[in-house]
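# Structural features, examined
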Amino acid sequence: MPADQEDAPAELARLWRLRASSSGLGRPAALDTERVVRTGVELADRDGLQGATLPKIAKELGVSPMSLYRHVGSKDELLVLMRDLALGEPPALGAGDWREGLHAWAVAYRLLTHRRPWLARLPVAGPPLGPYEVAWLEAGLGALSGTALDWAAKVGSMTLLSGYVRQASLLAEEQEQGLSDSGMGQAESERAYARTLARLITPERYPQTAQLLTSGIFEAAPDDAYDDPATDPDFTFGLNRLLDGIATAVETSTE
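Notes on the structure in this doc start here. (Residues numbered from 1 in each chain as written. Predicted model: local features only at pLDDT ≥ 70, side-chain atom pairs only at ≥ 80, totals over all residues. Heavy atoms only, no water.)

### Re the environment of glycine 96
Assignment of secondary structure puts glycine 96 in the loop between helix 5 (75–87) and helix 6 (98–115). Judged by its relative accessible area of 56%, glycine 96 is exposed. Counting along the chain gives 135 residues from glycine 96 to threonine 231, while the straight-line C-alpha distance between them is 21 Å. (Helix = DSSP H or I, 4+ residues; strand = E, 2+ residues; numbered from the N terminus. Buried < 20%, exposed > 50% of the residue type's maximum accessible area, 1.4 Å probe, protein only.)

Next comes the structure, spelled out in structure tokens:
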């Protein structure tokens with residue numbers, strides 16, 4: 001191991017798995033950082049973030065909560081470790097057009113947060129730090145590598161995209177919780193919304209909204225329009241507008 005890695009802070013060493021939990025002599029340790037964090041991810045997948053506390057992880061592993069602190073320094077560190085592990089490897093974007101690459105990147109991230117909605121609820125403590133977080137950043141920067149954007153613009157583009165996907169994921173999760181309570185799908189719920197609101201507003205007070213409700217847009221969406229987050233019309237519209245903005249920056253950078 002290089003000397004600079006040996007001198008890494010304990011939290012960073014655990015995040016990058018730089019130090020083994022045993023000396024290599026005798027039987028391997030029954031518990032290590034990887035197992036603790038992976039158990040946390042599995043519990044969050046099953047029960048949400050509230051199910052991935054250190055006491056619950058300890059119970060799942062059949063150990064005392066205090067024994068976990070040899071492998072995870074705090075609750076906040078646990079969340080950082082869980083986020084990185086849950087992200088996993090980014091999609092392989094290939095060497096095609098930058099826009100296609102970033103579109104694929106954003107869709108892959110959105111699908112991941114759909115499978116693991118708790119990911120979008122984790123606090124953003126700072127820039128990418130873990131190996132998988134950095135790998136996702138590397139993939140996005142790689143897609144932009146053929147453009148003339150400067151580094152600030154490239155990083156800004158990735159911050160913009162990741163923030164949009166995170167916010168879209170949070171909104172989708174909250175809507176899904178509301179729909180679950182109502183027993184309706186999103187398209188059905190939007191039709192009910194438009195019909196109800198149309199009876200309450202007047203064109204004199206809300207002229208634009210009245211036109212919106214009578215435009216037929218809420219009636220046109222098929223029931224399965226929102227089933228796939230990758231093709232959700234609201235998500236796709238916003239993503240394409242962001243990519244349009246990045247395209248303007250790319251075009252300007254080459255002039």
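### Considering the layout of surface pockets
The calculated volume of the largest pocket comes to roughly 940 Å³. Forming the walls of the largest pocket are 40 residues, and the residues nearest its centre are Arg110, Ala172, Glu173, Gln175 and Gln186. Looking at the lining of the largest pocket, the elements that each hand over two or more residues are helix 3 (33–47), helix 6, helix 8 (151–182), helix 9 (186–198), helix 11 (217–220) and helix 12 (233–253). Per-element accounting of the lining of the largest pocket gives the leading share, 11 residues, to helix 8. Taken together, the residues of the lining of the largest pocket sort by class into 19 nonpolar, 10 polar and 11 charged. Its volume calculated, the second largest pocket comes out at about 680 Å³. Lining of the second largest pocket is provided by 24 residues; of these, Arg83, Gly126, Pro127, Pro128 and Glu133 occupy positions nearest its centre. Looking at the lining of the second largest pocket residue by residue, the class counts come to 16 nonpolar, 4 polar and 4 charged. (1 Å grid on protein atoms, 1.4 Å probe; cavity = no way out; pocket = protein on both sides within 12 Å on 5 of 7 lines; lining within 4 Å. Points joined across faces, edges and corners; volume = space filled by probe spheres on them. Nonpolar A, V, L, I, M, F, W, Y, C, P; charged D, E, K, R; others polar.)

### Some words on the packing of aromatic side chains
Tallied over the entire structure, the rule returns 5 aromatic pairs. Judged by centre distance (5.7 Å) and plane angle (75 degrees), the rings of tryptophan 105 and tryptophan 136 are edge-to-face. Pair noted here: tryptophan 105 is in helix 6 and tryptophan 136 is in helix 7 (residues 131–143), with a separation of 31 residues, a long-range link. Tryptophan 136 shares its class with tryptophan 105; the two are buried. Measuring from centroid to centroid gives 5.8 Å for tyrosine 193 and phenylalanine 218, while their planes differ by 70 degrees, and the two rings are edge-to-face. Here phenylalanine 218 lies in helix 11 and tyrosine 193 lies in helix 9, a separation of 25 residues in the sequence. The exposure class assigned to tyrosine 193 is partly exposed, which follows from its relative accessible area of 44%. Over the aromatic face of tryptophan 151 sits the side chain of lysine 154, whose NZ or CZ is 4.5 Å from the ring centroid. (Phe/Tyr/Trp six-rings, centres within 6.5 Å; stacked < 30°, edge-to-face > 60°. Lys NZ or Arg CZ within 6 Å of the ring centre and 35° of its normal.)

### Section: the side chain of glutamate 173
Note that glutamate 173 resides in helix 8. Assessed through its relative accessible area of 14%, glutamate 173 is described here as buried. Ignoring sequence-local partners within four residues, the contact set of glutamate 173 consists of Pro117 and Arg121. (Contact = heavy atoms within 4.5 Å.)

### Quick notes on helix 5
In this model helix 5 runs 19 Å from its N-terminal to its C-terminal C-alpha over 13 residues, within 8% of the 18 Å that 1.5 Å per residue would give. Considered for burial, the residues of helix 5 that qualify are Glu77, Leu78, Leu79, Leu81, Met82, Asp84, Leu85, Ala86 and Leu87. Count one or two residues on from helix 5 and you reach glycine 88, which has phi positive near 65 degrees. (Expected span 1.5 Å × (residues − 1).)

### Some words on the packing of helix 6 against helix 8
For the pair helix 6 and helix 8, the least separation of the axes is 10 Å and the interaxial angle reads 35 degrees. Taken as a pair, helix 6 and helix 8 cross one another with a handedness that is right-handed. Residues Leu102, Trp105, Ala106, Tyr109, Arg110 and Thr113 of helix 6 pack against Met158, Leu161, Ser162, Val165, Ala168, Ser169 and Ala172 of helix 8. A breakdown of the residues in the contact of helix 6 with helix 8 according to their chemical character gives 9 nonpolar, 3 polar and 1 charged. (Axes fitted to C-alpha atoms, helices over the stretch in contact; angles between N-to-C directions. Left-handed = near helix turned anticlockwise from the far one by under 90°.)

### Considerations on the side chain of glutamine 186
Summarising the element assignment, glutamine 186 is placed in helix 9. For glutamine 186, a relative accessible area of 15% corresponds to the buried category. Sequence-distant contacts of glutamine 186, defined by excluding residues within four places in its chain, comprise Gln175, Leu179, Tyr226 and Asp234.

### Let's talk about the pattern of salt bridges
Here the structure, examined in full by the defined rule, presents 11 salt bridges. The salt bridge partner of arginine 14 is glutamate 77, with a shortest N-O separation of 2.6 Å. Taken as a pair, arginine 14 in helix 2 (residues 10–15) and glutamate 77 in helix 5 lie far apart in primary sequence, 63 residues in all. Accessibility expressed as a relative area gives 17% for arginine 14, which makes it buried. (Salt bridge = Lys/Arg side-chain N within 4 Å of Asp/Glu carboxyl O.)

Read these as layout, nothing more, since geometry by itself doesn't imply function.
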